[in-house]
Amino acid sequence: MRSVTYSMSVSLDGYIVGPDGGIDWTVPDADVFRFWIDEIRDVGVHLMGRRLYETMLYWETADQNPSLDDAELEWAALWNPLPKVVFSTTLSAVQGHARLASGGLAAEIERLRAEPGEGDIAIGGATLAAEAADLGLIDEYRTVVYPVLVGGGIPFFPRSERRVDLELVETRTFDSGVVYLHHRVAR
């Protein structure tokens, strides 16, 4: 069965976006960017909310930018054909290999797990991930922790009263001080 993973960059104090809405502290160096390229190869479909979808729209045409380096071109070549499912109540259309979700998150994940396919079901965006976590649908948490305290904003983890036990699967420390933590939900 395909795993549901939640993976994003996060500040040391637990936020994916700072209080001012900024994410400038998440700009990856070459090693971290290479890591993200390798990670996306294991994804079969990416679920996301409207805000992340709109942020990632940049990559739909980025490969036409002559100033992109080889790693950015490689990312775009992997990201663009990747199937994406966007959960939004305000968008009426999406671009590229994306489609608007027609049902609820649980039903969508159940359908994706049942159909044949390779790769993980990745969830991006804190709001959508919080809903999946509340429903007990996330199998793995993959945090890329940046050595910065942003003091508030949108938290990576939902603020719920529910306890979730995790098993450490992998860690990696980058020269920049960024730390990758990969945990699996203990079931």
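Look above for the structure.
The rules behind the values
Residues numbered from 1 in each chain as written. Predicted model: local features only at pLDDT ≥ 70, side-chain atom pairs only at ≥ 80, totals over all residues. Heavy atoms only, no water. Pairing = 2+ DSSP bridges. Helix = DSSP H or I, 4+ residues; strand = E, 2+ residues; numbered from the N terminus. Axes fitted to C-alpha atoms, helices over the stretch in contact; angles between N-to-C directions. Salt bridge = Lys/Arg side-chain N within 4 Å of Asp/Glu carboxyl O. Buried < 20%, exposed > 50% of the residue type's maximum accessible area, 1.4 Å probe, protein only. Phe/Tyr/Trp six-rings, centres within 6.5 Å; stacked < 30°, edge-to-face > 60°. Lys NZ or Arg CZ within 6 Å of the ring centre and 35° of its normal. Core = buried A, V, L, I, M, F, W, Y, C linked by side-chain atoms within 4.5 Å. Contact = heavy atoms within 4.5 Å.

A. View of the sheet that holds strand β6 (residues 120-124). As summarised here, the arrangement of the 8 strands in space is β5-β4-β3-β6-β1-β7-β10-β9, forming an open sheet in which the pairing is mixed. Across the chains shown, the open sheet's two edge strands, defined by having one partner strand only, are β5 (98-100) and β9 (166-173). Averaged over all neighbouring strand pairs, the angle between strand axes comes to 20°, with direction disregarded. Across 6 bridges, the pairing between strand β7 (residues 140-146) and strand β10 (residues 179-185) is antiparallel.

B. Inspection of the pattern of salt bridges at higher detail. Under the defined criterion, the tally for this structure stands at 15 salt bridges. Between D120 and R142 there is a salt bridge, with the nearest N and O atoms lying 3.5 Å from each other. Residue D120 is found in strand β6, and its partner R142 is found in strand β7; the two are separated by 22 residues along the sequence. Linking R187 and D139 is a salt bridge whose minimum nitrogen-to-oxygen distance equals 2.8 Å. Here the residue R187 occupies a position in the segment after β10, and D139 occupies one in the loop between α6 (126-134) and β7, the gap between them amounting to 48 residues. On the accessibility criterion, R187 (68% relative accessible area) is exposed. The buried category is assigned to D139, whose relative accessible area is 13%. Several salt bridges share partner residues, and in doing so they unite E39, D120, E140, R142 and R184 into one network.

C. The arrangement of the packing of aromatic side chains in detail. In total, this model carries 13 aromatic pairs according to the counting rule given. By way of ring pairs, the aromatic residues F33, Y58, W59, W75 and W79 are connected into one cluster. If you follow K84 out to its NZ or CZ, it ends over the ring of W79, 4.9 Å from the centre.

D. Structural view of the nonpolar core. Ranked by size, the top nonpolar core spans 29 residues in total, and within it V32, W59, W75, W79 and V144 carry the most contacts. For this core, the secondary structure elements donating two or more residues are α1 (30-40), β3 (43-49), α2 (50-56), α4 (70-79) and β7. Ranked by residue count, the leading element in this core is α1, at 6 residues. Those residues in contact with V32 that lie beyond four places of it in its chain are V144, Y146, F174, S176 and V178. Listed in part, the 26 residues of the second largest apolar core include Y6, F87, I123 and A129.

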